[in-house]
Amino acid sequence: MADTVRVRFAPSPTGSFHVGGARTALFNWAFARHHKGVFILRIEDTDRSRSTDEHIVQILDVLRWLGLDWDEGPPASGYRQTERFEIYRAHGERLLADGRAYRCRCTPETLDALRDAAKARKEQFRYPGTCREAGVPASEPHALRLKMPVGGQTVVEDAILGTVTFDNDTLDDWILVRTDGTPTYNFCVVVDDVTMKITHVIRGNDHLNNTPKQIACYAALGYEMPLFAHIPMILAPDRGKMSKRHGATTVEEFRDQGILPEALVNYLARLGWSHGDDEIFSPKELAEHFTLAQVGKAGAVFDREKLLWVSLEWIKAAAPERLAEVLTPFLGPALGLPSAAGAALVDPARLAAIAASLKERSRTLVEMAEQAACYFRPPAAYDAPATAKFWGPEAPHRYAVLIKRHLSQEAFDPESLEGLYRGLAAEMGLKLVDLAQLTRIALTGKTASPPVFQVAALLGKAETIARLKTALAAVERAKPPLGPKQ
RNA sequence: GACCCCGUCGUCUAGCCUGGCCCAGGACGCGACCCUUUCAAGGUCGAGACCGCGGGUUCAAAUCCCGCCGGGGUCACCA
């Protein structure tokens, strides 16, 4: 390919950042990186009433969080449509001067009436071209319309869908510039893509029907067309549109749920794209393998379960130090404290060790933080099924022995502790599990936790013994010892 | 309604272009077993798709052709 690949992601800042948008951004990014091209971020904020600066900031934040770095775009100027009105105006004038566009004085009311009439006759409405040859003078209020070709067909050679054909007679003279002088979306897109020298337009399937209109605009302007690639939509489990009703839909929500960015990127990539039987891809591998030819045509249902699996895979693969860092903000909330409180709770090294003990049993950082609670405070209560099963008549005696042995235990690392327990179990004629579960309940309040010896080591000798004593007191309260021990 | 797109296990998908290696492979989820101080993780095995339906073409079709049905998208002086 002689020319450098230039692609863009062009969100409109009118709402929160949807995962569908994230995937479109991702495919563009991966395509650009794969071809050593340029990834451009452009803000489509022509809709001034709905566009807000907060949404723009949000878009930049999310893209950075996802690791989808752009080569051109904000904060540099010139990448927001509101900054580019002069360019659109000039192109509109040129089309008018070339006779490729014309002034139209039909009012929205007139058009609505025509639309209703067409609907009553069960016909599809198309602008009848009333002003096409009317030579409406500039002095009159007017919109600018593009002269669409009459008869024939417009063919879209889509990199994903193949050849898509539209009859020109189903297309009408659409509005380039409104009566108030503002350019319409379809016009801006064409002008922007052309002036930014976009080579491949990779966008959602919902834009396919805009494509023939835009192609006519490229032709009228005398510009070369980019290649188009329309990617399939992301669907809800009922195969409809994804909405809040189905749970999380925005990138921020997944971030708040404790999904790692590379996990979300990985999952989104596999929604509609594949590389053989491979499932796990780092962003770098994505860039390496991504091709439009391997993007599917059918819509893909968003499956939260699989996302969680991918998330677990990335948590398992993450370095403990990194986990400690990203886990910190989740700690406070998990302990019922303000989110800022988490940072003061532990030093990074200890938190890294904690994260390491939790990584293969946490699908999200939220789950990890919840499971980490036992490292920061004694159990608030003992799980009822657990005590029912393990706090038998012999429990007080065993706790007493455990406390005594822990007191005389010097080395408090997992291996030494395991040795202590194994020796003790043999001595008492018990299975390791009989002792281990008692300690686990004392330490965590539950029957499920990371390996107990690891938990005890992380807690330290003093805290471990304190919790064993608390548990002993609790068993005795619940079930007074039966006669003399031994 | 018109136009456009899509249709392989519940879900994501490989295979389709260049028919036979596919009575369809992988992954998630599900079930069983193994491992094991618990839960996970890991390992092994299993259930699960008449390749939307119906016709063709062909010695041979998930793969090519036609029709149908189903789903989705778009039909603004919104983006």
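Nothing here was measured: the structure is a model prediction, and the numbers come from that model.

## Quick notes on the overall build of chain A
Okay, step 1: Check the secondary structure of chain A and you find 20 helices and 11 strands.
Okay, step 2: Its C-alpha atoms give chain A a radius of gyration of 32 Å, more than 25% over the compact-globule value 23 Å for 486 residues.
Okay, step 3: Along the first, second and third principal axes, the C-alpha atoms of chain A reach 110 × 50 × 35 Å.
Okay, step 4: When burial is assessed residue by residue, chain A has 36% of its 486 residues classed as buried.

## Focus on the protein's contact with RNA strand B
Okay, step 1: Around RNA strand B, a shell composed of 65 residues is seen, among which Ser-12, Asp-47, Tyr-185, Ala-298 and Arg-361 lie nearest.
Okay, step 2: Where the surface near RNA strand B is concerned, the elements lending two or more residues are helix H4 (108–120), strand S6 (162–167), helix H5 (185–195), strand S11 (300–301), helix H10 (304–317), helix H18 (432–444) and helix H19 (452–459).
Okay, step 3: Class assignment of the residues belonging to the surface near RNA strand B gives a composition of 25 nonpolar, 22 polar and 18 charged.

## Structural notes on the packing of helix H16 (residues 395–407) against H18
Okay, step 1: Where H16 contacts H18, the axes come no closer than 11 Å and their chain directions differ by 85°. Here H18 runs roughly perpendicular to H16, going by the angle between their axes. Contacts between H16 and H18 involve Ala-395, Arg-398, Tyr-399 and Leu-402 on the former and, on the latter, Leu-435, Leu-438 and Thr-439.
Okay, step 2: Broken down by class, the residue content of the contact of H16 with H18 amounts to five nonpolar, one polar and one charged.

## Comments concerning the domain arrangement of chain A
Okay, step 1: Examined at the domain level, chain A breaks down into domain 1 (6–80 + 234–304), domain 2 (84–231), domain 3 (318–375) and domain 4 (384–478).
Okay, step 2: One C-alpha centre belongs to domain 2, the other to domain 4; they are set 75 Å apart.

## A look at the confidence of the model for chain A
Okay, step 1: Averaged over all residues, the pLDDT of chain A is 93; the fraction at 70 or higher stands at 98%.
Okay, step 2: We note a pTM of 0.94 for the whole complex and an ipTM of 0.95 for its interfaces.

What counts, and where the lines are drawn
Residues numbered from 1 in each chain as written. Chains lettered and ligands numbered in written order. Predicted model: local features only at pLDDT ≥ 70, side-chain atom pairs only at ≥ 80, totals over all residues. Helix = DSSP H or I, 4+ residues; strand = E, 2+ residues; numbered from the N terminus. Rg over C-alpha atoms; globule rule 2.2 N^0.38 Å. Buried ≥ 20, exposed ≤ 12 C-beta atoms within 10 Å, placed from the backbone. Near = placed C-beta within 6 Å. Nonpolar A, V, L, I, M, F, W, Y, C, P; charged D, E, K, R; others polar. Axes fitted to C-alpha atoms, helices over the stretch in contact; angles between N-to-C directions. Parallel < 35°, antiparallel > 145°, perpendicular 65-115°, else oblique. Contact = placed C-beta atoms within 7 Å. Domains from an automatic or database assignment. pLDDT = per-residue confidence, 0-100.

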